[in-house]
Number of protein chains: 2
Amino acid sequence: MTGAHGLKFNIAARDGAARTGELETARGVVRTPAFMPVGTAATVKAVSPDDVAATGADIILGNTYHLMLRPTAERIANLGGVQKFMNWKGPMLTDSGGFQVMSLSALRKLSEKGVTFQSHIDGSKHELSPERSMEIQALLGSDIVMAFDECTPFPATEDEAADSMRLSMRWAQRSKDAFQGAPGRGLFGIVQGGVYENFRRESAEALASIGFDGYAIGGLAVGEGQAEMFRVLDFTPAMLPEDKPRYLMGVGKPDDIVGAVQRGVDMFDCVLPTRSGRTGQAFTRRGTVNMRNARHMDDPRSLDEECPCTCCQNYSRAYLHHLFRAKELFGLTLLTTHNLTYYQALMSGIRAAIPEGKLDDFAAGFTEEQASGDIEAL
Amino acid sequence: MTGAHGLKFNIAARDGAARTGELETARGVVRTPAFMPVGTAATVKAVSPDDVAATGADIILGNTYHLMLRPTAERIANLGGVQKFMNWKGPMLTDSGGFQVMSLSALRKLSEKGVTFQSHIDGSKHELSPERSMEIQALLGSDIVMAFDECTPFPATEDEAADSMRLSMRWAQRSKDAFQGAPGRGLFGIVQGGVYENFRRESAEALASIGFDGYAIGGLAVGEGQAEMFRVLDFTPAMLPEDKPRYLMGVGKPDDIVGAVQRGVDMFDCVLPTRSGRTGQAFTRRGTVNMRNARHMDDPRSLDEECPCTCCQNYSRAYLHHLFRAKELFGLTLLTTHNLTYYQALMSGIRAAIPEGKLDDFAAGFTEEQASGDIEAL
C-alpha cells in the first residue's frame, strides 16, 4: 500500500506514545499531528480557501452525506472534483457518509447491504453502502477515503457494540474491495467497538488483516465524556499498526486533542472552531471567551496580540463585539479565521514539542494557561 | 475652503457635462467619477476591507444613524475613529443621519431644532440636529461630512417641497456653522427641492452662498423613476459650483450612474451591489443574473472570465449556484466582491472615456451590451 499506490507516512520523531511526521498525498503533504477544518458542503463555512490555507491547515475534510445530496457527487465529478469546485489547493479527506446519515436523515433503514434514507433537504430517497460510498468518494476526488461504517451509538450494551462493530468490519472489507487505489490516494479503516477494550481489539485486528493506509478511531466524542474517551485512547491506538496514521474522528476541544496526541493519535477533525466562530466564541491560549459579552465593548486590544491571524493583527475586541452584536457577517469570518488559526497554532506547538521530547511539558503548560481562564492578561 | 482646510478637487478632463478628476482627502485620493460602497455599521457587509480595496474602491460610506446608535459615536471616537475601528485605510464619507432617521426610526418628531426619535434597535430616545450631526461625524472621524438635511419625501406637493427644502437650507447654514474644518476634511451641502426646477435653483443658490467643499443632490432615487430623475439631473448639476464635486446620493443602478455622469455628477453611493450580492443577484456587462437559477447548476464557466475579481478568477457559476442553494456564507462574500468589482470597473471605464471625449460612445456600448441580456455569451 505504501508503494506506487496509497499514501506514504513518515514518522520523524516520537515522544512517549505521540508521533510527529508527514503524510504524503497526491495533492500535498500533511504535517502530523494534524487538525483538519471541516468543509461540509464544499466550503469551510464563512471563510475562503485562502483564509483556511493562511491559518496553516494542510488538509480539510468534506462530508459525503451533504455533497451526495447537494450538489451531488456526479455533478462535482463533472466539474472536476471537489477541490477544483471549491478552489481548495491541498488534499481533502472525505468521511463515508455513515455518521451523518444516521444523525441527519429521515426514515433510515439499515440492513446488511447498507442504509436507505430520505434526504433532510428535499425528502428524496437515497442509499449508501460500502460500494456506493467508495463510488461517491471517488467521484468527489477525495485524497483520503474513509471506509463505510456504522458509528456505534453511545451508550450501547456489549451486545449492541459487538454487533455494530462486526457489521462495520464486514463493511470495511467491502469498502476495501470496492476502493480504487491510486498514487497519493488512500483508504482508512475505522475501529469501532464502543468503550469495550476486547471489541476494540477485535476491530483493530480485523482492520489490520484487511490492510488500510490509515486507521481511524470511530465512535468516540459521542457523549461519553473526556475521561472515558481518554480511557479508550489509553489502549486503542496501541492496537493499531505502528507505521500508519491514526485519526480520531470528530475530536475535539483543544484539551481533547492534546490528550489524544499524548495517547498516540495523529489526525483530528472537528466543527468546533468554525461553529464556535459563528456564535461568537473565541478560542484563546487562556481558554474560550464569548465576544458578545459586554465587557469587550470598549476594549481596544486585539483578542491575542501574539496570534498572527488577520483578526488579531487588525481588529480590536471592541470591533468583534460590535460585529456580533450587530449580526454582521464579517464577524463570523474574522472569528472563524481566528479560531482556525488558534487550532493550527496548537498543532504547530505540538509538532514542535515532540522531537524535543517535551510534549508532556507542552501539555502541562497548555493546561495551566488554559486553566488561568483570563484573557485580560493576554 | 480649498486651502489649508477642506478638500482639493482637481478636474483633469471634461466631456460634455461630464468631468473626471481627483478629490484629495487627508486619507487619500478619490478618483472621480467615483462609486462609494456602503459600509453601514462599520463594515461593508460580507466582505473584508481588503476585499473592498481590491475591487478598486477609493472611498466608502458610513451611516451616521446606525453608528450613533451602535456602537455609538463616542465609543468609536475613543477607539480611534471609524476607519481605525473597521481597518479601512482610505477615506470615508458619512451621511448626516437625516435620511435613515426618517426611514428607520420610530416615534419621530421633527421641529425647527432637529429630530427626536426612538432607536429601531432598543427603543432608546435620541436626537439629531445640524449641530449634533456635525458632532457625531467629527467623533466618527469622517473625511467627508454631510450637512444635516431633511430628505424631501416623494411625491411632495410644491408647498411641501419648498417648505422641506427651506428647512434643509436653514439646517445647511447651521451645519456649516457647527462644522470643524481640517486639512483634507470637508463638508458637503445637499440640494433639495424635489422635482421642481425653481426650488432646486433656490436650494443650489442658498448652498453656494454658504459655501461647501462639495454639493450633493438629495431627494432623488426615492421612487420617481429614472426618466424623472434624469429630467431633474438635466438642470440641477449645472446650478452647482463648477469647481466642486457633485454627489448624487443613494444612486444607483449601473445605467443610472452612466446617465448621471453624462449629466455632470462626480460621486455615487448605493447598497445595490452589496445587497444584491447577498441575495444571489450578479451584475455583469450583460445585465443582471440570478445565481439561484437552476440553469447555472452544471455550468463550469466563471461568471465573467474578463472580470479580475477573485470570484470570477477562481470559481464557477455552478459553485456560486451551489453556495446560494446551500445558503453558505461564502457565497455572499464572493458575489458581493464580484458586484463591487463590476461597479468599480464601470467607474474605471467611465473615467477612461471622458479624457478621450468618448463618454457617449462608452454609454452607447454599455447600453447595448446590457440590453443584450445574455450572460451565456460572456
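The structure displayed is predicted, hence computed values, not measured ones. (Residues numbered from 1 in each chain as written. Chains lettered and ligands numbered in written order. Predicted model: local features only at pLDDT ≥ 70, side-chain atom pairs only at ≥ 80, totals over all residues.)

1. A closer look at the relation of the copies chain A and chain B
Turning chain A through 180 degrees and shifting it by 0.0 Å along the axis lays it on chain B, with an RMSD of 0.0 Å. Such a turn and shift between the copies fits a two-fold axis. Considering only C-alpha atoms, the part of chain A nearest the rotation axis is A:Leu329, at 3.9 Å. A share of 100% of interface residues in chain A that are also interface residues in chain B marks the association as one of identical surfaces. (Least-squares fit on C-alpha atoms with pLDDT ≥ 70 in both. Contact = placed C-beta atoms within 7 Å.)

2. Let's talk about the sheet that holds strand E1 (residues 8–15) of chain A
Residue and element names in this part refer to chain A. Spatial ordering of the open sheet is given by E1-E2-E3, a layout of 3 strands whose pairing is antiparallel. Looking along the sheet, the strands with just one partner apiece sit at the ends: E1 and strand E3 (28–32). Across the sheet, the mean angle from the axis of one strand to that of its neighbour is 15 degrees, orientation sign disregarded. Looking at chain direction, E1 and strand E2 (residues 18–25) are connected through 7 bridges and run antiparallel. Its bridge partner lying in E2, Asn10 is registered against Glu22. (Pairing = 2+ DSSP bridges. Helix = DSSP H or I, 4+ residues; strand = E, 2+ residues; numbered from the N terminus. Axes fitted to C-alpha atoms, helices over the stretch in contact; angles between N-to-C directions.)

3. Some points on the sheet that holds strand E2 (residues 18–25) of chain B
Residues and elements named next belong to chain B. Read from one edge of the open sheet, 3 strands run E1-E2-E3, paired in antiparallel fashion. A strand with exactly one partner marks an edge of an open sheet, and here the two such strands are strand E1 (8–15) and strand E3 (28–32). For this sheet, the mean inter-axis angle between neighbouring strands, taken without regard to orientation, is 15 degrees.

4. Notes on the interface of chain A and chain B
Counting from both sides, the interface comprises 31 residues of chain A and, opposite them, 31 residues of chain B. Those elements that place two or more of their residues in the side of chain A that touches chain B are helix H3 (73–78), helix H4 (82–86), helix H13 (317–325) and helix H14 (329–353) of chain A. For the side of chain A that touches chain B, the element with the highest residue contribution is H13(A), accounting for 5 residues. Partitioning the side of chain A that touches chain B into residue classes produces 17 nonpolar, 8 polar and 6 charged. (Nonpolar A, V, L, I, M, F, W, Y, C, P; charged D, E, K, R; others polar.)

5. Some words on the pairing of strand E9 (residues 125–128) of chain B
The side chains of a regular strand alternate between both faces of the sheet. All names here are of chain B. Bridge count for strand E8 (residues 115–118) against E9 is 4 bridges, and the pairing is antiparallel. Of the residues in E9, the one forming a bridge with Thr116 is Glu127. Taking the residues that link successive antiparallel strands as the turn, the E8-E9 hairpin has 6 residues, and the phi of Gly123 there is positive, at about 75 degrees.

6. Considerations on the domain arrangement of chain A
Interfaces are often sized by the amount of accessible area the parts lose when they come together. Residue and element names in this part refer to chain A. Assigned domains of chain A: these are domain 1 (8–269) and domain 2 (276–377). For domain 1 versus domain 2, the distance between C-alpha centres works out to 27 Å. Listed as interface residues are 26 residues of domain 1 and, on the opposing side, 25 residues of domain 2. For the side of domain 1 that touches domain 2, the secondary-structure elements that each account for two or more residues are E1, E2, strand E4 (34–36), helix H1 (49–54) and helix H10 (254–262). Looking at the side of domain 1 that touches domain 2, the element that brings in the most residues is H10, giving 6 residues. Split by residue class, the side of domain 1 that touches domain 2 holds 15 nonpolar, 5 polar and 6 charged. (Domains from an automatic or database assignment.)

7. Topic: the packing of H10(A) against helix H15 (residues 359–372) of chain A
Residue and element names in this part refer to chain A. Where H10 contacts H15, the two axes come as close as 11 Å, and the packing angle between them is 165 degrees. Considering the angle they form, H10 stands roughly antiparallel to H15. The way H10 lies across H15 gives a crossing that is left-handed. Mapping the contact onto sequence places Asp255, Val258 and Gln262 in H10 and Leu359, Ala363, Phe366, Thr367 and Gln370 in H15. Per-class residue counts for the contact of H10 with H15 are 4 nonpolar, 3 polar and 1 charged. (Parallel < 35°, antiparallel > 145°, perpendicular 65-115°, else oblique. Left-handed = near helix turned anticlockwise from the far one by under 90°.)

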